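This is what each chain is made of:
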Amino acid sequence: MAVVVEPDRVPAGGTAPDRPLIQTSAALVSDGEDIARARHIAAGFLTRVQAEHGIPVSQRVLDLTQLVVSELVTNARKYAPGPILLDLRIAGGTVEVVVWDSDPVLPVARAADAGRVGQHGLEIVMAVCQGFEAQREPVGKRITARLALADDPGDALYGRQPL
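Please read all numbers here as calculations on a predicted model, not as lab measurements.

Trainee: Would you mind going over the packing of helix α1 (residues 34-53) against helix α2 (residues 59-79) with me for this structure?
Mentor: What describes two packed helices is the angle between their axes and the distance between those same axes. The interhelical angle for the contact between α1 and α2, taken along N-to-C directions, is 150°, at an axis separation of 9 Å. Here α1 is positioned roughly antiparallel relative to α2, judged by the angle of their axes. Like other packed secondary-structure pairs, α1 and α2 cross with a definite hand, here right-handed. Judged by residue contacts, Asp34, Ile35, Ala38, Arg39, Ala42, Ala43 and Leu46 of α1 engage Val61, Leu62, Thr65, Gln66, Val69, Ser70, Val73, Thr74 and Arg77 from α2. Residues that form the contact of α1 with α2 fall into these classes: nine nonpolar, four polar and three charged.

This is the structure we're talking about:
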């Protein structure tokens, strides 16, 4: 696993962003510890983002990112055979959690039901994220969830303010 810093892609007709893309990627294999490993990767990534790039990340967002990673990787592990790819990146004041798996079936959030035991993962992810999308890929699917790095202005932030 490595943190990759590369220039952002410039959108069609757009201008180049002010900052490089900060990201990390990992391939997860089913060994009984991949979900915990994914949470650890997310926490380490956001800790490095704060320490090395000075981008503030609230404790709440650190916790929520680990929750989202855990839920998405759990779903991928449960419904798709084979490896899972996890990408985490900082883009425009958000952390993007991207999970790829080999199953082309797109997830569907079920209606809220307090009496249902289990199967609330996607419902939880969609409730805590500012953005969510699922798209089919040539092989499998890619799920992207976006969380704002900072909470409201009164929340305690860790790290220094970006320049």
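Back to the write-up after that little detour.
Trainee: Looking at this structure, I do not really get the side chain of Asp34. What am I missing?
Mentor: Here Asp34 shows up in helix α1. Residue Asp34 is classed as buried on the basis of its relative accessible area of 3%. Separated by 2.6 Å, the side chains of Asp34 and Arg77 make a polar contact. Apart from the residues lying within four places of it in its own chain, the contact partners of Asp34 are Leu28, Val29, Val73 and Arg77.

Trainee: Even after reading the chapter, I still don't get α2, so can you show me in this structure?
Mentor: Quick reminder: α-helices carry 3.6 residues per turn. Residues three or four places apart thus point the same way. Along its 21 residues, α2 runs 30 Å from first to last C-alpha, staying within 8% of the 30 Å computed at 1.5 Å per residue. Listed as buried for α2 are Val61, Leu62, Leu64, Thr65, Val68, Val69, Ser70, Glu71, Leu72, Val73, Ala76 and Arg77.

The rules behind the values
Residues numbered from 1 in each chain as written. Predicted model: local features only at pLDDT ≥ 70, side-chain atom pairs only at ≥ 80, totals over all residues. Heavy atoms only, no water. Axes fitted to C-alpha atoms, helices over the stretch in contact; angles between N-to-C directions. Helix = DSSP H or I, 4+ residues; strand = E, 2+ residues; numbered from the N terminus. Parallel < 35°, antiparallel > 145°, perpendicular 65-115°, else oblique. Left-handed = near helix turned anticlockwise from the far one by under 90°. Contact = heavy atoms within 4.5 Å. Nonpolar A, V, L, I, M, F, W, Y, C, P; charged D, E, K, R; others polar. Buried < 20%, exposed > 50% of the residue type's maximum accessible area, 1.4 Å probe, protein only. Polar contact = N/O pair within 3.5 Å; in protein donor to acceptor, adjacent residues only side chain to side chain. Expected span 1.5 Å × (residues − 1).

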